[in-house]
Amino acid sequence: MATLPAVQDAPAAVADTPAARPRSGLRRYWHLYAAISPFYLLFLAFGLIPVGFSLYLSFHRWDGLGPMEWAGAAQYRYLLADSDFWQSIGNTIVIWALATFPMIFLAMVTAVMLNSAVRFKNVYRFAYFLPNVTSIVAVAIVFGSVFSTNFGLMNALLQAVGLDQVAWLNTPWGIKVAVATLMTWQWTGYNAIIFLAGLQTVPSELYEAARIDGAGPVQTFFRVTLPLMRPVLLFVLIVSTVTGLQSFAEPQVLLQTTANESTFSGGPDHAGRTMVLYFFQQTFDNNDFGYGAAVAWGIFLVVVLFSIINWRLVRRRGEA
Amino acid sequence: MASTLRGPRRRGIALHAVLVAGLLLSAFPFYWAVIMSTHTSTEIFSYPPKLLPGSHFAENVRHLFDNIDFFGSMLNSLLVAVSVTVLVLFLDSLAAFVFAKFDFPGRKVLFALLMAIFMVPAQLAAIPQFVIMAKIGWIGSMTALIVPAAANAFGIFWMRQYMKGAIHDELLDAAKLDGAGFLRQYWHVALPVVRPGLAFLGIFTFMAQWNDYAWPLIALTDPDNVTLQVALSQLNGNHGTTDYGMVMTGALLALVPLLIVFAVGARQIIGDLAKGAVRG
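Residues numbered from 1 in each chain as written. Chains lettered and ligands numbered in written order. Predicted model: local features only at pLDDT ≥ 70, side-chain atom pairs only at ≥ 80, totals over all residues. Heavy atoms only, no water.

### Points about the overall build of chain A
Helix and strand counts for chain A come out as twelve helices and two strands. In chain A, the succession of helices and strands from N to C terminus is α-β-β-α-α-α-α-α-α-α-α-α-α-α. Scored against the burial criterion, the 320 residues of chain A give a buried share of 55%. Put simply, chain A shows about 14400 Å² of open surface, and 66% of that area lies on carbon and sulfur atoms. (Helix = DSSP H or I, 4+ residues; strand = E, 2+ residues; numbered from the N terminus. Buried < 20%, exposed > 50% of the residue type's maximum accessible area, 1.4 Å probe, protein only. Areas by Shrake-Rupley, 256 points an atom, 1.4 Å probe, with all protein chains shown as cover.)

### Some words on helix α5 (residues 107-119) of chain B
Here α5 of chain B contains 13 residues, and its C-alpha end-to-end distance of 19 Å stays within 8% of the 18 Å for a straight helix at 1.5 Å per residue. Those residues of α5 of chain B that fall on the buried side of the exposure criterion are Arg-107, Phe-111, Leu-114, Met-115, Ile-117, Phe-118 and Met-119 of chain B. (Expected span 1.5 Å × (residues − 1).)

### A look at the side chain of Thr-184 of chain A
All names here are of chain A. Tracing the chain through its elements places Thr-184 in helix α7 (residues 172-199). For Thr-184, a relative accessible area of 12% gives the class buried. In this view, Thr-184 contacts Leu-98, Ala-99, Met-103 and Leu-106; residues no more than four positions away in its chain are not counted. (Contact = heavy atoms within 4.5 Å.)

### Concerning the side chain of Gln-186 of chain A
Residues and elements named next belong to chain A. Tracing the backbone shows Gln-186 in helix α7. Judged by its relative accessible area of 7%, Gln-186 is buried. Once residues within four sequence positions are removed from consideration, Gln-186 is found in contact with Pro-131, Asn-132, Thr-134, Ile-136 and Val-139.

### Section: the nonpolar core
Formed by 184 residues in total, the largest nonpolar core has its most connected members in Phe-195 of chain A together with Phe-97, Phe-118, Phe-154, Trp-158 and Val-194 of chain B. Looking at this core, you find at least three residues from each of domain 1 (2-58) and domain 2 (68-234) of chain B. Excluding residues that lie within four positions of it along the chain, Phe-154 of chain B makes contacts with Tyr-190, Phe-235 and Val-239 of chain A together with Phe-118, Leu-201 and Phe-204 of chain B. (Core = buried A, V, L, I, M, F, W, Y, C linked by side-chain atoms within 4.5 Å. Domains from an automatic or database assignment.)

### Side note on the packing of aromatic side chains
Residues and elements named next belong to chain A. Counted by the stated rule, this structure contains 55 aromatic pairs over all chains. Arranged with centres 5.1 Å apart and planes meeting at 75 degrees, the rings of Tyr-78 and Tyr-291 form a pair that is edge-to-face. Of the two residues, Tyr-78 sits in helix α2 (residues 74-81) while Tyr-291 sits in helix α12 (residues 289-316), which places them 213 residues apart along the sequence. When its relative accessible area of 2% is taken as the criterion, Tyr-291 is described as buried. Here the guanidinium or amino end of Lys-176 rests over the ring plane of Trp-173, the centre of that ring lying 5.9 Å away. (Phe/Tyr/Trp six-rings, centres within 6.5 Å; stacked < 30°, edge-to-face > 60°. Lys NZ or Arg CZ within 6 Å of the ring centre and 35° of its normal.)

### Some thoughts on the UniProt feature "transmembrane region" (unreviewed entry) in chain A
On the UniProt side, "transmembrane region" (unreviewed entry) is annotated at positions that read residues 30-59, 93-114, 126-153, 173-197 and 289-309 of chain A here. Secondary structure over residues 289-309 of chain A splits into 100% helix and 0% strand, and the C-alpha atoms at its two ends are 30 Å apart. (UniProt positions renumbered as here; feature names shortened; annotations may be inferred.)

### Observations concerning the domain arrangement of chain B
Domain annotation for chain B reports domain 1 (2-58) and domain 2 (68-234). Centre-to-centre separation of domain 1 of chain B and domain 2 of chain B, based on C-alpha positions: 35 Å.

This is the structure we're talking about:
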């Protein structure tokens, strides 16, 4: 009894008696370390060691077969000057932004609407989550035909309302819009369900109080709902950033049929070549494993930087 | 009186109109996938687009079964997805419980490390991982897919956020007063409370494993012993000559087990998850 450490975020309120204090950390907390150790052991074997090896690799020239050749910082110097890499960063960020902001907005609106809808709630939730259940291969085939220039549904719609056709998968912006649309479609419902889970934790007394104070729905949302939703918003934003900036399968499967040089080229003018596609192209098309590793480390830095910016932006306002 | 009632009623109808529009948007590609699976490739790429079912579904299924070992690869996918899901649910909830509810030296550093892992592109480790697995002889077997996937940083992040809100400190304190040790607090207090969060993670993990295709493509070297997505991607391999009707039929049939898992777990997700709390 009472030998357990204090509950979260309250180190000052340790439940132990002062006599128990001097015991060493390892003996006192061994069960906690034991509980998290399987993850860290697996991570060590299949994460940290491979990742460490790829760091080593990034300082070498290697074609995957012959001997490795020390290259020093040459790969990174080349990376910094590589306009193709910078283009892939730009592509990735544009696609991410085109997908993420509409997605978070739509998901939030959907969640608020679902929260106030009384009937058919479960039917809606089921249908909205469905896009996320599908395999990317199937989704990409469907969207490839939706955005097809000559036979596509999108152009059939444009024509029906008297607009000109767009060569979606053949223009730099068309490609980005098509990939972003696919991602928005696949993730909006998923995030709406998560937002909904957060919405239901807002105590109804708070809404009651806001109503009595004469707040309208919009005011209530910004003053009551949003501040309480910040942790959930943070979760959604971080996950969207990490997965969105590492997008690979969406552009790869969607654009491989229009690519004439490589399945990783990202369509005409490489307009859909994301950072991870570029990694695949360098590593597997060019058999340049050392440079591929350097590209992957570049991707990692971009993702971390973006995640920190997002984390700060969400946490600063109100400091939840 | 009547006029005060009309306002909310009208708003309710507008609300459902918007929700139904969203529902149609999210369901439409499924409808179209079904339509495509009943047509030949030539019909699929004709203009105007086909919006009604055709008559070639049986033919597409026959071509599919002729080209790949559909049920064999489906069994492999099931084995991998079920094993990974069970492992992830256990390991991640245990670790998340520690991170959400206890303080110990190194907690912040270990958690920051975990978030860093989450941000490492999976591809970064792929080549060395392949080399390591080749050395221990796992390449070509399902073990190569199951064991590394059991370390899932996303799952710990999700369960931690969920547990922070859902497990109240008073509940744990009460259990401690009753003399419950760490494992009993985890098993008897924490797990029952976070069941909806677990259901969500479980379904999500199952889905991700079922749909994964980049790593299985690399790690499964015997073309006759692959997972379903890899088998399907073999069909999609030769551009130009691809039989889209057949590929679409395969993709649709591959969805069936997912829909079953989702339907069974959906009650937990869409019903109880909403009752639980997600706080940071």
